[in-house]
Amino acid sequence: MVDEFEHICTRKANVPGLVVMKDVTIAKSEFVEGEKAVTKLQDFQEDPELFRYCTLPQILKYVECFTGPNIMAMHTMLINKPPDTGKKTSRHPMHQDLHYFPFRPADRIVCSWTAMEKVHRENGCLVVLPGSHRGTLQEHDYPEWEGGVNKMYHGVRNYDPGHPRVHLEMEKGDTVFFHPLLIHGSGMNQTEGFRKAISCHYASSDCYYIDVKGTTQENIGNEVKELASRKYGVDDTVSFQDTWALRGRLVKGDRTSL
Ligand SMILES: CCCCCCCCCCCCCC(=O)SCCNC(=O)CCNC(=O)[C@H](O)C(C)(C)COP(=O)(O)OP(=O)(O)OC[C@H]1O[C@@H](n2cnc3c(N)ncnc32)[C@H](O)[C@@H]1OP(=O)(O)O
Ligand SMILES: Nc1ncnc2c1ncn2[C@@H]1O[C@H](COP(=O)(O)OP(=O)(O)OP(=O)(O)O)[C@@H](O)[C@H]1O
Ligand SMILES: O=C(O)CCC(=O)C(=O)O
Ligand SMILES: [Fe+2]
Ligand SMILES: [Mg+2]
């Protein structure tokens, strides 16, 4: 999967629908080539080699406990957290993934996140607020960071910095499964290496879409729709829900609703 990542970065592989995202400070500075420019690959569901991650039986065994037998891969990412440029933009603000998802119920959604190498505090491991998955969805917005923030890196507004945190230091291949309401983020990468992880958000295909108009999710819904119209030229008839229905891919069972 590391090889496939490199092929994508050097354009030896071209994957329909895949979004290659650069760190904001790297994108706005001079040209950086290949994988060193890439912060994250998003939506690799049409890449056979990377999508193999989403179908691994040793992962689905646990996913099925939360989703039941009809399992959709709704969101796929390969994160290549770069060495921080000094602006602290390699951080990911504390957030709840449910903010991005116009479907419910939350308990039928689960994320698997696998370390592709040793992750620790120095290279920016995941940080979680234990127990926060028992709360509700919070208001999210861009954090006020001096050095800039990556596109769509919304964070929880007014979260309690005094809440206990747990740093998830992991060995290569270790996998964490977490609830979409769990407040989490990741720190700066203070090493010279790129910290790689691969993840998939699964949901039961029996989940249903919700309308985010008038909710705290309206801001991200509008941002995603703007991106879809800029990138694919689609008009306003393509909804926030549609952008998810188009990207979601069945991994097991039947596609009943999503
Ligand atoms: C169907 C579609 C669906 C998509 C849905 C995604 C939903 C995901 C939800 C789930 C999320 C789960 C949780 C999460 O992971 S949250 C983080 C998720 N982030 C994204 O999904 C980002 C998606 N990608 C984009 O928005 C675009 O590809 C960006 C904007 C990144 C590049 O744009 P484009 O491809 O057109 O490239 P360009 O080279 O022409 O640059 C244009 C301008 O943008 C500037 N720029 C470049 N890089 C960045 C950056 N990192 N931050 C800020 N700005 C950036 C660049 O300097 C230039 O500005 P200027 O110099 O003109 O001022
Ligand atoms: N959708 C989910 N994704 C990830 N973890 C989950 C999800 N739903 C529940 N969990 C976690 O799985 C474990 C079992 O959950 P369950 O709700 O069955 O038990 P519980 O006794 O209510 O525990 P808790 O009070 O910690 O939630 C708990 O640790 C819970 O936090
Ligand atoms: O890998 C990380 O740093 C966290 C990424 C994350 O939480 C997300 O993209 O939703
Ligand atoms: Fe997240
Ligand atoms: Mg419970």
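Note that this is a predicted model, so its numbers are computed, not measured. (Residues numbered from 1 in each chain as written. Chains lettered and ligands numbered in written order. Predicted model: local features only at pLDDT ≥ 70, side-chain atom pairs only at ≥ 80, totals over all residues. Heavy atoms only, no water.)

> In this structure, what is going on with the coordination of the iron ion (ligand 4)? I would like to understand it.
Tetrahedral coordination by four donors puts the ideal angle at the metal at 109.5 degrees, and octahedral coordination by six puts it at 90 or 180 degrees. For the iron ion (ligand 4), every protein donor is listed as His 95 (NE2), Asp 97 (OD) and His 184 (NE2), and the spread of their distances is 2.1 Å. Take Asp 97: its relative accessible area is 7%, and that puts it in the buried class. (Donors = N, O, S within 2.8 Å, 3.2 Å for Na, K, Ca; no water. Buried < 20%, exposed > 50% of the residue type's maximum accessible area, 1.4 Å probe, protein only.)

> What should I look at first to understand the site of ligand 1 in this one?
Close to ligand 1 lie 22 residues, the nearest being Lys 22, Lys 28, Lys 40, Gln 42 and Lys 151. Within the contact set of ligand 1, an oxygen atom lies 2.4 Å away from a side-chain nitrogen or oxygen of Lys 40. Between ligand 1 and Arg 230 there is a distance of 3.4 Å, counted from an oxygen atom to a side-chain nitrogen or oxygen. When the free accessible area of ligand 1 is taken as 1,200 Å², the share hidden by the protein chains comes to 73%. At the level of secondary structure, the elements contributing two or more residues to the shell around ligand 1 comprise strand 1 (19-22), helix 2 (24-27), strand 2 (38-42), strand 3 (71-81), helix 5 (218-232) and helix 6 (240-247). Looking at the shell around ligand 1 element by element, the count peaks at 5 residues for helix 5. (Near = heavy atom within 4 Å. Polar contact = N/O pair within 3.5 Å; in protein donor to acceptor, adjacent residues only side chain to side chain. Areas by Shrake-Rupley, 256 points an atom, 1.4 Å probe, with all protein chains shown as cover. Helix = DSSP H or I, 4+ residues; strand = E, 2+ residues; numbered from the N terminus.)

> Got a minute to help me understand the site of ligand 3 in this structure?
Neighbouring residues of ligand 3: Lys 40, Met 77, Ile 79, His 92, His 95, Asp 97, Trp 113, Leu 126, His 184, Ser 186 and Arg 195. Between an oxygen atom of ligand 3 and a side-chain N or O atom of Arg 195, the distance comes to 2.8 Å. Contact with the protein chains covers 94% of the free accessible surface of ligand 3, which is 300 Å². Elements supplying a minimum of two residues to the shell around ligand 3: strand 3, strand 4 (92-95) and strand 12 (184-186). For the shell around ligand 3, the per-class residue count stands at 4 nonpolar, 4 polar and 3 charged. (Nonpolar A, V, L, I, M, F, W, Y, C, P; charged D, E, K, R; others polar.)

> Just checking my understanding: could you explain the packing of aromatic side chains for this structure?
What the rule picks out here adds up to 5 aromatic pairs. A centroid spacing of 5.5 Å and a plane angle of 50° characterise the contact between Tyr 62 and Phe 177, whose relative ring orientation is tilted. Of the two residues, Tyr 62 sits in helix 4 (residues 57-67) while Phe 177 sits in strand 11 (residues 175-178), which places them 115 residues apart along the sequence. The exposure class of Tyr 62 is partly exposed, given its relative accessible area of 41%. Ring geometry for Phe 103 against Tyr 209: centres 6.1 Å apart, planes inclined by 90°, an arrangement best described as edge-to-face. Highlighted residues: Phe 103 in strand 5 (residues 103-104) and Tyr 209 in strand 14 (residues 208-209), separated in sequence by 106 residues. For Phe 103, a relative accessible area of 0% gives the class buried. An aromatic cluster of at least three residues, connected via ring pairs, comprises Phe 101, Phe 103, Tyr 209 and Trp 244. Seen from the ring of Phe 51, Arg 249 lies directly overhead, with NZ or CZ sitting 4.2 Å from the centre. (Phe/Tyr/Trp six-rings, centres within 6.5 Å; stacked < 30°, edge-to-face > 60°. Lys NZ or Arg CZ within 6 Å of the ring centre and 35° of its normal.)

> I tried to follow the nonpolar core on my own but got confused; where do I start?
A general tendency of soluble globular proteins is for nonpolar side chains to be buried together. With 25 residues, the main nonpolar core has Leu 41, Cys 54, Leu 78, Tyr 202 and Val 251 as its most contacted residues. Considering every element that reaches this core, the biggest residue donor is helix 3 (residues 48-55), with 4 residues. Residue contacts for Leu 78: discarding those within four places in its chain leaves Met 1, Phe 5, Thr 39, Lys 40, Leu 41, Phe 44, Leu 50, Met 116, Ala 197 and Ile 198. In terms of nonpolar packing, the next biggest core, distinct from the first, is built from 19 residues, Ala 106, Ala 203, Cys 207 and Leu 258 among them. (Core = buried A, V, L, I, M, F, W, Y, C linked by side-chain atoms within 4.5 Å. Contact = heavy atoms within 4.5 Å.)

> Even after reading the chapter, I still don't get the sheet that holds strand 10 (residues 166-168), so can you show me in this structure?
Backbone hydrogen bonds are what pair the strands of a sheet, in a parallel or an antiparallel way. The antiparallel open sheet is built from 4 strands, whose spatial order is 4-12-7-10. Each having just a single partner strand, strand 4 and strand 10 make up the two edges of the open sheet. Strand-to-strand twist of the sheet, defined as the mean angle between neighbouring strand axes without regard to direction, takes the value 25°. One ladder, built from 2 bridges, connects strand 4 with strand 12; its direction is antiparallel. Looking at strand 12, one finds that His 95 is bridged to His 184. (Pairing = 2+ DSSP bridges. Axes fitted to C-alpha atoms, helices over the stretch in contact; angles between N-to-C directions.)

These figures capture arrangement, not role.
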